[in-house]
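Here is how the chains run, residue by residue.
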Amino acid sequence: MSVRHAWNVCEDGATASWYDVLLVFADGARIEALAVVSPDGVCLEDVQARPALCLDDLTVLGEWLEEPLAEACGAGRADGTPSAVRHARPGCPRGQEGRRLAAREYRAAQERGGDPVLAVMAATGLSRRGSLRLIGQARDAGLLAPRRARR
């Protein structure tokens, strides 16, 4: 996470400070935001995320930005307590355990009639590309049936 002061705007005796905020997650997901801190409060002017944010991530975006913005502004939290670290994205186990999780979620989604790739994405927190890679690894390990029958 990085917070960089961009510029100040003075209007009617009040100063609003603009900050560029960048969050990079372990799975390669990125969130770039332009935040405005003024006497009236904090506003997000622009948010860009790759891959797109789900509603759960969007609801905790303010909590992710609160402490770094407060540190950049030289202020603490409003209630004076340190902020807890929360992650809306679940962590994906590595290695064989990750492949087992992907295979389990994939089969469960197929049985329910849902989209197996979305189920793996939700269970692991990986992007679509990362989930497809993990599903392919599970197939290669023999945990899922081959995609196509070989002749």
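These notes cover the structure that comes with them. Here the residue numbering is sequential within each chain, running from 1 through the sequence in written order. Totals for whole chains, interfaces and linings use every residue, but because this is a predicted model, local features are given only for residues with pLDDT of at least 70 and side-chain atom pairs only at 80 or more, for both listing and counting. Just so you know, side-chain values use all the structure's heavy atoms and leave hydrogens and water out.

This brings us to the overall build of the protein. A tally of regular secondary structure across the protein gives 4 helices and 4 strands. Listing every helix and strand of the protein by position from the N terminus yields β-β-β-β-α-α-α-α. Buried positions account for 29% of the 151 residues belonging to the protein. Contacts spanning at least 24 positions in sequence make up 34% of the contacts within the protein whose residues lie at least 6 apart. Only carbon and sulfur atoms are counted for the fraction: they give 50% of the accessible area of the protein, which is about 10100 Å². Secondary structure elements are defined from DSSP: runs of H or I of at least 4 residues count as helices, runs of E of at least 2 residues count as strands, and each element is numbered from the N terminus. Any residue under 20% of the maximum accessible area for its type is buried, any over 50% is exposed, and the rest in between are partly exposed; the area is computed with a 1.4 Å probe on protein chains only. It only takes one pair of heavy atoms within 4.5 Å for two residues to be counted as in contact. Working definition of accessibility: Shrake-Rupley area with a 1.4 Å probe, residue cover restricted to the visible protein chains.

In spatial order, the strands read E1-E2-E3-E4; together these 4 strands make up an open sheet with antiparallel pairing. Strands at the two margins of the open sheet, each flanked by one partner only, are strand E1 (2-11) and strand E4 (41-50). Strand-to-strand twist of the sheet, defined as the mean angle between neighbouring strand axes without regard to direction, takes the value 15°. Strands pair, by our definition, only if DSSP identifies at least two bridges between them. Summarising the sheet, E1 and strand E2 (residues 14-24) pair through 9 bridges and their orientation is antiparallel. Following the sheet pairing, Val3 is matched in E2 by Val21. Strands E1, E2, strand E3 (30-38) and E4 of the sheet are contacted by helix H1 (residues 55-73), whose axis makes an angle of about 125° with E2. Axes here mean lines fitted to C-alpha atoms, for a helix over just the part in contact, with angles spanning 0 to 180 degrees between N-to-C directions.

We now examine the pairing of E2. The two faces of the sheet receive side chains in turn, since in a regular strand these alternate between them. Where E1 folds back on E2, the antiparallel hairpin that results is connected by 2 residues, among which Asp12 adopts a positive phi of roughly 55°. Relative to E3, E2 runs antiparallel, the two being bridged by 8 bridges. In the sheet register, Asp20 faces E3, and the bridge partner there is Leu34. Linking E2 to E3, which pair antiparallel, is a turn of 5 residues; within it Gly28 sits at a positive phi near 95°.

Helix length check: H1, at 19 residues, gives a terminal C-alpha distance of 28 Å against a target of 27 Å (1.5 Å per residue), a fit within 8%. The largest bend along H1 measures about 35° and falls at Leu61. Taken together, the buried positions of H1 are occupied by Asp57, Val60, Leu61, Trp64, Leu65, Pro68, Leu69 and Ala70. In this structure, the buried side of H1 is in contact with E1, E2, E3 and E4. One fewer than the residue count of a helix, multiplied by 1.5 Å, yields its expected span. The reported bend at a residue is simply the angle between two axes, fitted to the 7 residues ending at it and to the 7 residues beginning with it.

For the rest of this paragraph, the subject is the packing of helix H2 (residues 95-112) against helix H3 (residues 116-124). It is the contact of H2 with H3, at a shortest axis distance of 8 Å, that shows an interaxial angle of 135°. Relative to H3, the element H2 is oriented oblique. The two elements H2 and H3 meet at a crossing, and its hand is right-handed. Contacts between H2 and H3 involve Leu101, Ala102, Glu105, Tyr106, Ala109, Gln110 and Arg112 from the first element and Pro116, Ala119, Val120, Ala123 and Thr124 from the second. Amino acids are sorted into nonpolar (Ala, Val, Leu, Ile, Met, Phe, Trp, Tyr, Cys and Pro), charged (Asp, Glu, Lys and Arg) and polar (every other residue, Gly among them). Residue composition of the contact of H2 with H3, grouped by class: 8 nonpolar, 2 polar and 2 charged. Oblique is the label for any angle not covered by the other classes, which are roughly parallel (under 35 degrees), roughly antiparallel (over 145) and roughly perpendicular (65 to 115). Crossings are sorted by hand: turned counterclockwise from the far helix by less than a right angle, the near helix makes the crossing left-handed, and turned clockwise it makes it right-handed.

By the secondary structure assignment, Gly95 is in helix H2. Between the C-alpha atoms of Gly95 and Leu134, which are 39 residues apart in sequence, the distance is 9.6 Å.

The subject of this paragraph is the environment of Pro39. Within the secondary structure, Pro39 sits in the loop between E3 and E4. Judged by its relative accessible area of 64%, Pro39 falls in the exposed class.

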